[in-house]
Amino acid sequence: MKDSCVNEKESGNRFLYYSEGLACIGVVFIHCTFPSWPGALICGLCRFAVPLFFLVSGYYLFRNDTNEENQIQRILYKIRHISFLLLLSVLLYILWNFFCEFLKSGYVAALQLLGQTFQPSKLLPLLILNDFSDIGGHLWFLEALLYTYLIFGAVICLKKGSRTCHLFCWRTVVILLGIHVLARMIFALAGIDQIFEIPVYIWFRNWLFFALPFVIAGYLIRQNENSIMQKVSVKHVIMLLTIGTVLTVAESLLVYMLTRDDRELYLGSFLMIFSMFFYALRFPHHSTIPWIETIGRKYLLFVYITHFAVSEAAGILMEKSGLDQIRLLNYVKPIMVAAITVSGAVLCEKTVHSIKQLKTERRKSR
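Not measured: the values here are computed from a predicted model.

1. Notes on the pattern of salt bridges
(1) Moving on: Using the criterion set out here, one finds seven salt bridges in the structure.
(2) Moving on: One salt bridge connects R14 with E293, and the closest N-O pair in it is separated by 3.1 Å. Taken together, the positions of R14 in helix α1 (residues 14-31) and E293 in helix α14 (residues 290-321) put the pair 279 residues apart, joining distant regions of the chain.
(3) Moving on: With a relative accessible area of 28%, R14 lands in the partly exposed category.

2. Topic: helix α12 (residues 234-259)
(1) Moving on: In this model α12 runs 37 Å from its N-terminal to its C-terminal C-alpha over 26 residues, within 8% of the 38 Å that 1.5 Å per residue would give.
(2) Moving on: Within α12 the residues assigned to the buried category are V237, G244, T248, E251, S252, V255 and Y256.
(3) Moving on: In this structure, the buried side of α12 is in contact with α2 (36-45) and α13 (267-282).
(4) Moving on: Once α12 finishes, R260 follows within two positions and takes phi at roughly 60 degrees, a positive value.

3. Thoughts on the environment of V332
(1) Moving on: Here V332 lies in helix α15 (residues 327-365).
(2) Moving on: A C-alpha to C-alpha distance of 8.1 Å links V332 and F34, two positions 298 residues apart in sequence.

4. Observations concerning unusual backbone geometry
(1) Moving on: Despite not being glycine, S36 shows a phi value in the positive range, around 60 degrees.
(2) Moving on: With respect to the element layout, S36 can be found in helix α2.
(3) Moving on: Residue classification places S36 among the partly exposed residues on the basis of a relative accessible area of 35%.
(4) Moving on: A positive phi is found at E197, a non-glycine position, where the angle reads about 65 degrees.
(5) Moving on: Relative to the elements of secondary structure, E197 occurs in the loop between β1 (194-195) and β2 (198-199).

5. Let's talk about the packing of helix α8 (residues 170-189) against helix α10 (residues 207-223)
(1) Moving on: It is at 9 Å that the axes of α8 and α10 come closest, and there the two elements cross at 150 degrees. As far as their axial angle goes, α10 and α8 are roughly antiparallel. For the pair α8 and α10, the sense of crossing is left-handed. On the side of α8, the interface is formed by W170, T172, V173, L176, L177, I179 and H180, while α10 contributes L208, F209, F210, L212, P213, F214, I216, A217, L220 and I221.

6. Focus on α8
(1) Moving on: Under the 1.5 Å per step criterion, the end-to-end length of α8 is 28 Å for 20 residues, consistent within 8% with the ideal 28 Å.
(2) Moving on: Residues T172, V173, L176, L177, H180, V181, A183 and R184 constitute the buried set of α8. Projected down its long axis, α8 shows its buried positions confined to an angular sector of 160 degrees, all on one face. Pointing more than 90 degrees away from the buried face of α8 are the exposed residues R171, V174, L182, I186 and L189.
(3) Moving on: Residues of α8 that are buried make contact with α9 (200-204), α10 and α13.
(4) Moving on: After α8 finishes, the residue G191 shows a positive phi value of roughly 75 degrees.

7. Quick look at the packing of α1 against α14
(1) Moving on: Where α1 meets α14, the axes come as close as 7 Å, and the angle between the chain directions of the two elements is 20 degrees. Overall, the two elements α1 and α14 adopt an arrangement that is roughly parallel. The crossing of α1 and α14 is left-handed. Mapping the contact onto sequence places R14, Y17, Y18, E20, G21, L22, C24, I25, V27, V28 and H31 in α1 and W291, I292, E293, I295, G296, R297, L300, V303, Y304, H307, F308 and S311 in α14.

8. A word on the side chain of S311
(1) Moving on: In this structure, S311 sits in helix α14.
(2) Moving on: Judged by its relative accessible area of 9%, S311 falls in the buried class.
(3) Moving on: Residues within four places of S311 in sequence aside, it is in contact with H31, C32, K333 and V337.

Criteria and thresholds
- Numbering of residues begins from 1 in every chain and follows the order in which that chain's sequence is written.
- Residues qualify for local features only when their pLDDT is at least 70, as the model is predicted, and side-chain atom pairs are given and counted only at 80 or more; totals for whole chains, interfaces and linings, by contrast, use all residues.
- To obtain the side-chain values, all non-hydrogen atoms of the structure were used and water was disregarded.
- We count a salt bridge whenever a side-chain nitrogen from Lys or Arg sits within 4 Å of a carboxyl oxygen from Asp or Glu.
- Starting at the N terminus, helices and strands are each numbered in turn, a helix being any DSSP run of H or I of at least four residues and a strand any DSSP run of E of at least two.
- Burial status follows relative accessibility: with a 1.4 Å probe on protein chains alone, a residue under 20% of its type maximum counts as buried, one over 50% as exposed, and anything between as partly exposed.
- To estimate how far a helix should extend, the number of its residues minus one is multiplied by 1.5 Å.
- The contact definition used throughout considers only heavy atoms, calling two residues in contact when any of these lie within 4.5 Å.
- Axis definition: a line fit to C-alpha positions, over the contact stretch in the case of helices; interaxial angles, taken between N-to-C directions, run 0 to 180 degrees.
- Working definition: roughly parallel below 35 degrees, roughly antiparallel above 145 degrees, roughly perpendicular at 65 to 115 degrees, and oblique for all remaining angles.
- Each crossing is labelled by how the near helix is turned from the far one, with a counterclockwise turn of less than a right angle marking it left-handed and a clockwise turn marking it right-handed.
- An arc is given here, and it is the one of the directions from the helix axis to the C-beta atoms.

Structure representation (structure tokens):
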């Protein structure tokens, strides 16, 4: 996600932009779901999105620099950038939540909500487990990504060179993701929804058991790209994508029928994620759907940060007007939210571009 969220990819990989564009729309459909079992199915298929963002982040973590100082400077830049994005996003959603509560229940209730947001009992899960449920649930991604960058930076500095960092190995990836998948299955089968009054998924959908292994995987793919590409053929990629899609469909529907819930990761999701990524590396200039590629190239950050508020606003408007009682509109709502958010990104870009042009013209006229 442009770092993944930072607009600085050094490669013009068109299919990777296209994949991120699809993932961006997928994130909207995860947070603004379609009703009933079609919603569970679409949500399950879209679960490749966030892992793909982390994978891309790891892949573009370092250029082919051999200079340790360059690597340190690069990771420091990323830490500063993500920290700024996280702080800005948190402030925006605190204001948004205050505004929504003010409209709903008045000024006093809005102030009470603001106070509850910063209770010590909620700050601990937020800082340790990336639990942003009371601010903007999707913002966990930014904090988790920040923590992975901090870990990479710390290990590189301590180990004096990333090649000697034993933390960055496939064993770490397998162990951490294995814990995530197995723990979610075990607690679900045991009927346990919370641990110390914190939802189970928060304990495993965080920087340690979700973000870090995928970022490490992306980093390792970059370091061993030539050897991996020699072993992975187009047939392998297509087969993995097909099996992964079918398996994800079966898993998501089964989980929905048994629990009316979903998972952050399905076994099929892994096959989908890596097959799409390997295909992008093998065919970086593959022709794609232009407008989806454009979303991945230019509007990813804006859509990711703002879509949550757009979805909430659409839900409030539909509820107040009674339109939420019309079943068909509940199927249209996720598409509408995606369209509005992308349109807002385009408008924002054009506005910024116009302001820059105006400033340039004024300077020339002086």
